[in-house]
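# An overview of the molecular structure
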Amino acid sequence: MLALLAGACTDDKPPSGSRNAASSEVNSFAPPASASPADADQARTLARTFAEGLQQSAPTRITPRQVDCLVDQITAHLNVNVLSDIASRQPDPRTLPPIVRAAFVNAFDRCLPPDVASSLRDRFGSS
């Protein structure tokens, strides 16, 4: 299930010639303010599948409340296209663009026990 997170729909190169390349990169991965209800529902479903997979791998360490937290954090920072691409390609988490890895790592740090978050950070190549 961890492979669910591992890819993104664009390369990790910022747009050329853009003074706000970092901002553009963030915006290409973040959910749009005007996301349709269907896109928001699909993003939550994909994030929940991932979070529940983590819970199954550590059932005594990840609570249902922490799963909900992960879903909220992931969908707040990654759009449905990114999550769909990750689900379909299932790449190694270390190959995700840095901004996508950071979104997952931040969700782990906010939602999970420190030892579980640390282990996942290692799997994502973000120590």
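The sections below set out a description of the structure shown in this document.

About the cut-offs
- Within every chain, residues take consecutive numbers counted from 1 along the sequence as written.
- Totals for whole chains, interfaces and linings use all residues, but because this is a predicted model, local features are given only for residues with pLDDT of at least 70 and pairs of side-chain atoms are given and counted only at 80 or more.
- To obtain the side-chain values, all non-hydrogen atoms of the structure were used and water was disregarded.
- Only DSSP runs of H or I reaching four residues or more are called helices, and only runs of E reaching two or more are called strands; each is numbered from the N terminus.
- Two N or O atoms count as a polar contact when they lie within 3.5 Å, although within protein this holds only if one can serve as hydrogen donor and the other as acceptor, and sequence-adjacent residues are included solely when both atoms are side-chain atoms.
- The contact rule is simple, with two residues in contact once any of their heavy atoms fall within 4.5 Å.
- By salt bridge we mean one thing: a side-chain nitrogen of Lys or Arg within 4 Å of a carboxyl oxygen of Asp or Glu.
- Residue exposure (1.4 Å probe, protein chains only): buried if accessible area is under 20% of the type maximum, exposed if over 50%, otherwise partly exposed.
- Residues belong to one nonpolar core when they are buried, are Ala, Val, Leu, Ile, Met, Phe, Trp, Tyr or Cys, and are joined through side-chain atoms within 4.5 Å.
- Here, expected helix span is obtained from the residue count minus one, scaled by 1.5 Å.

## Focus: the side chain of Thr75
- If you trace the backbone, Thr75 turns up in helix 3 (residues 64-77).
- At 3.4 Å, the side chain of Thr75 and the backbone oxygen of Asp72 are in polar contact.
- Apart from the residues within four sequence positions on either side, Thr75 is in contact with Pro31, Ala43, Arg44 and Ala47.

## Details of the pattern of salt bridges
- With the rule as written, the count across this model stands at six salt bridges.
- With its nearest N and O atoms 2.8 Å apart, the salt bridge here joins Arg89 to Asp85. A residue pair is termed a helical-turn pair when its members lie 3 or 4 positions apart in one helix, as Arg89 and Asp85 do in helix 4 (residues 80-89) at four residues.
- Look at Arg89 and you get partly exposed, because its relative accessible area is 47%.
- Between Asp109 and Arg121 there is a salt bridge; the shortest N-O distance is 2.3 Å. In this pair, Asp109 is assigned in helix 5 (residues 98-111) and Arg121 in helix 6 (residues 114-123), connecting sequence segments twelve residues apart.
- You can call Asp109 partly exposed: its relative accessible area is 40%.
- The structure contains a network of salt bridges with shared partners spanning Arg48, Glu52 and Asp68.

## A word on the nonpolar core
- Formed by 31 residues in total, the largest nonpolar core has its most connected members in Leu70, Ile74, Leu78, Val100, Phe104, Phe108 and Leu112.
- Elements supplying a minimum of two residues to this core: helix 2 (37-57), helix 3, helix 4, helix 5 and helix 6.
- Top element by residues in this core is helix 5. It accounts for seven residues.
- Setting aside residues no more than four positions away along its own chain, Leu70 makes contact with Ala51, Leu54, Ala107, Phe108, Cys111 and Leu112.

## A look at helix 2
- Look at helix 2: 30 Å from first C-alpha to last across 21 residues, which is about the 30 Å you get at 1.5 Å a residue.
- Among the residues of helix 2, Ala43, Leu46, Ala47, Phe50, Ala51, Gly53, Leu54 and Gln55 are the ones counted as buried.
- Residues of helix 2 that are buried in the fold lie against helix 3, helix 4, helix 5 and helix 6.

## Quick look at unusual backbone geometry
- Phi is positive for Gln90, close to 45°, though the residue is something other than glycine.
- Along the chain, Gln90 turns up in the loop between helix 4 and helix 5.

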